[in-house]
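Per-entry structural report
Listed here are the chains, written in short residue letters.
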Amino acid sequence: QGDIPAAVKTLERAVELGRQLLGLDAVTDAYRLVHAEGDGLSGLVVDRFGATLVLEFFAAGMYRFRDVIQQTLARHYPESAFYWFAEEHVQKQESFDCRAPEPPPPGIITEHGVRFRVAPGSKHKTVFFLDQRDNRRLLASFCQGKRVLDLCCNTGGFAVYAKALGGAEEVTGVDLDEEVIALAKQNANLNQARVRFLQ
């Protein structure tokens, strides 16, 4: 119990870093709030996907503080819904039982004016590669009039950017998973971007 105030302080600092120092809210409503060890909160990752905050636990000790963590985050994001989980192998290794709630319905996020449908709680735990935001925009700056191939495209992040923001002449996205291809097609439609997706 004595560690709770320290953990709250560290969590507050992580939130402030993303919102105040990095100014992420001006660019997107989807970003990583807590980077585990990188933010001094080993065993915890928190991602913001629009109105949903997703907490992933990697340690039993951090899971014990889940209520305090949610209360702290709710002060900064009062309109947010919470979804939390821990991988099965982590629960076995750490000897704790994390009962995940029902996954929230898919929602829409925006980054650099490009929109994406995301589905937290789906089988792809990453849902959307938030750490590639700047790389997606960088790629778009090279795409004007070009033909672009996005291999292992997941839900179409790079492919959609190439067409919608980059003005590529032709874009093809390829992935093995039919579920993510279906989401990728929705993401292209959200941005009126003509992208060819292949499974």
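A short tour of the structure in this document, coming up. (Residues numbered from 1 in each chain as written. Predicted model: local features only at pLDDT ≥ 70, side-chain atom pairs only at ≥ 80, totals over all residues. Heavy atoms only, no water.)

On to the sheet that holds strand S9 (residues 196–198), then. In space, the 3 strands of this open sheet follow the order S7-S8-S9, with parallel pairing throughout. Every interior strand has two partners, whereas the edge strands, strand S7 (147–151) and S9, have only one. Strand after strand, the sheet turns through a mean of 15 degrees between neighbouring axes, direction not considered. Against the sheet, helix H6 (residues 157–164) contacts S7, strand S8 (170–174) and S9, and its axis sits at roughly 175 degrees relative to S8. In the packing of helix H7 (residues 178–190) onto the sheet, the strands contacted are S8 and S9, and the crossing angle to S9 comes to about 175 degrees. (Pairing = 2+ DSSP bridges. Helix = DSSP H or I, 4+ residues; strand = E, 2+ residues; numbered from the N terminus. Axes fitted to C-alpha atoms, helices over the stretch in contact; angles between N-to-C directions. Contact = heavy atoms within 4.5 Å.)

This paragraph deals with the environment of Arg32. Here Arg32 lies in strand S1 (residues 30–35). The exposure class of Arg32 is partly exposed, given its relative accessible area of 35%. In sequence terms Arg32 and Glu94 are 62 residues apart; their C-alpha atoms lie 24 Å from each other. For Arg32, the residues in contact, after removing those within four places along its chain, are Val45, Val46, Asp47 and Leu130. Within polar-contact distance, the side chain of Arg32 engages the side chain of Asp47 at 2.6 Å. (Buried < 20%, exposed > 50% of the residue type's maximum accessible area, 1.4 Å probe, protein only. Polar contact = N/O pair within 3.5 Å; in protein donor to acceptor, adjacent residues only side chain to side chain.)

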